[in-house]
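Tertiary structure, described
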Amino acid sequence: GAGVSQSPSNKVTEKGKDVELRCDPISGHTALYWYRQSLGQGLEFLIYFQGNSAPDKSGLPSDRFSAERTGGSVSTLTIQRTQQEDSAVYLCASSSRPRGGSEAFFGQGTRLTVV
Amino acid sequence: GESVGLHLPTLSVQEGDNSIINCAYSNSASDYFIWYKQESGKGPQFIIDIRSNMDKRQGQRVTVLLNKTVKHLSLQIAATQPGDSAVYFCAETGRSQGNLIFGKGTKLSVKP
């Protein structure tokens, strides 16, 4: 596609429910990143995928968070048993070169609200 | 990475003036740096990048300066316009890191 696409754009869920957030990266991009951004704050790194290598999961805040990337393309971020502190904008980005060689292109994000 | 505060630093400038936004990066092994602009309700957008073998790079109305000795990065915007109002983030990465780490951001407000 023309850019990174994320869905849904907005998600309201009840506390304790599971949610899945989807990211479609730019075609051919081998690197994919997930970030979390709380209101008025910076980007918190969550997880990084690079080709067929094992993902860097060092930023995931708890075992309720997981992500997968199928076929080296689409990625899904799953949050189990959501809590109110999970409310944030979740941003996905993709990049064409491995190991930090080029800019990352961002999607518009998914705004998650846990009530 | 850097800790994230509750409130972003703010820089307020008059339209037409030059703006300088500063960033301290954390990893001396980082060798690629990017400045992003984030407008309200949107994802970050690329502005300019620089590699560690350079200390200055210029784009259209923007200049990035890199001081590896003190691990400092700056973004200069010439003749700042109201459309430049946004939050600006620096990001660092490198061959040994893979992931892209963001600084805490600076909110730029341009007064007409």
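Note: the structure precedes this text.
Conventions we followed
- Residues numbered from 1 in each chain as written.
- Chains lettered and ligands numbered in written order.
- Predicted model: local features only at pLDDT ≥ 70, side-chain atom pairs only at ≥ 80, totals over all residues.
- Heavy atoms only, no water.
- Helix = DSSP H or I, 4+ residues; strand = E, 2+ residues; numbered from the N terminus.
- Rg over C-alpha atoms; globule rule 2.2 N^0.38 Å.
- Buried < 20%, exposed > 50% of the residue type's maximum accessible area, 1.4 Å probe, protein only.
- Salt bridge = Lys/Arg side-chain N within 4 Å of Asp/Glu carboxyl O.
- Pairing = 2+ DSSP bridges.
- Axes fitted to C-alpha atoms, helices over the stretch in contact; angles between N-to-C directions.
- Contact = heavy atoms within 4.5 Å.
- Disulfide = S-S within 2.5 Å.
- 1 Å grid on protein atoms, 1.4 Å probe; cavity = no way out; pocket = protein on both sides within 12 Å on 5 of 7 lines; lining within 4 Å.
- Points joined across faces, edges and corners; volume = space filled by probe spheres on them.
- Nonpolar A, V, L, I, M, F, W, Y, C, P; charged D, E, K, R; others polar.

Attention now moves to the overall build of chain B. The secondary structure content of chain B amounts to 0 helices and 10 strands. Element order for chain B, N to C, with α for helix and β for strand: β-β-β-β-β-β-β-β-β-β. Against the 2.2 N^0.38 benchmark of 13 Å for 112 residues, chain B shows a C-alpha radius of gyration of 14 Å, consistent with a compact globule. Taken along the three principal axes of its C-alpha coordinates, chain B extends 45 × 30 × 25 Å. Within chain B, the fraction of its 112 residues that count as buried is 43%.

Time to look at the pattern of salt bridges. Residues and elements named next belong to chain A. Summed over the entire model, instances satisfying the criterion amount to 6 salt bridges over all chains. Between Asp 86 and Arg 64 there is a salt bridge, with the nearest N and O atoms lying 2.8 Å from each other. Separated by 22 residues along the polypeptide, Asp 86 in the loop between β7 (75-79) and β8 (88-95) and Arg 64 in the loop between β5 (44-50) and β6 (65-69) bring together distant segments of the chain. Grouping residues by exposure puts Asp 86 and Arg 64 together as buried.

All names here are of chain A. The sheet built from 4 strands is open, its strands ordered β1-β3-β7-β6 with antiparallel pairing. The outermost strands of the open sheet, each flanked by one partner alone, are β1 (5-7) and β6. This sheet shows a mean twist of 15° between the axes of neighbouring strands, independent of strand direction. Strand direction decides the pairing type here: β1 and strand β3 (residues 19-24), joined by 3 bridges, are antiparallel. Across the sheet, residue Ser 7 finds its bridge partner in β3, namely Arg 22.

Moving on, we come to the side chain of Thr 82 of chain A. Residues and elements named next belong to chain A. For Thr 82, the location among the structural elements is in the loop between β7 and β8. Taking the relative accessible area as the measure of exposure, Thr 82 reaches 0% and is therefore buried. Setting aside residues no more than four positions away along its own chain, Thr 82 makes contact with Thr 13, Glu 14, Lys 15, Gly 16, Lys 17, Val 19, Arg 64 and Val 114.

Using the criterion set out here, one finds 2 disulfides over all chains in the structure. One disulfide in the model links Cys 23 of chain A with Cys 92 of chain A; its S-S distance is 1.9 Å. Between Cys 23 of chain A and Cys 92 of chain A, the disulfide has an S-S torsion of -65° and is therefore left-handed. With Cys 23 of chain A in strand β3 and Cys 92 of chain A in strand β8, this residue pair connects regions lying 69 residues apart in the sequence. A disulfide bridge connects Cys 23 of chain B with Cys 90 of chain B, and the sulfur atoms are separated by 1.6 Å. Here Cys 90 of chain B lies in strand β8 (residues 86-93) and Cys 23 of chain B lies in strand β2 (residues 19-24), a separation of 67 residues in the sequence. Cys 90 of chain B gets classed as buried once you look at its relative accessible area, which sits at 6%.

When its volume is computed, the largest pocket comes out at roughly 660 Å³. In terms of lining, the largest pocket is formed by 30 residues, of which the most central are Gln 37, Leu 39 and Gly 40 of chain A together with Ser 40 and Gly 41 of chain B. If you list the elements that add at least two residues to the lining of the largest pocket, you get β8 and β10 (110-114) of chain A together with β8 and β10 (106-111) of chain B. The residue makeup of the lining of the largest pocket, split by class, is 10 nonpolar, 16 polar and 4 charged.

A separate point is the pairing of β8 of chain B. Residue and element names in this part refer to chain B. Where burial is concerned, most of β8 is hidden: 8 out of the 8 residues are buried. One ladder, built from 7 bridges, connects strand β3 (residues 32-38) with β8; its direction is antiparallel. Across the sheet, Gln 38 pairs through a bridge with Val 87, a residue of β8. Of the strand pairs in this sheet, β8 and β10 are connected by 3 bridges, and their pairing is antiparallel. Looking across to β10, one finds that Ala 86 is bridged to Leu 108. One ladder, built from 2 bridges, connects β8 with strand β9 (residues 101-102); its direction is antiparallel. Opposite Ala 91, over in β9, you have Phe 102 as the bridge partner.

So, to be careful, I would describe these as geometric facts and stop short of saying anything about function.
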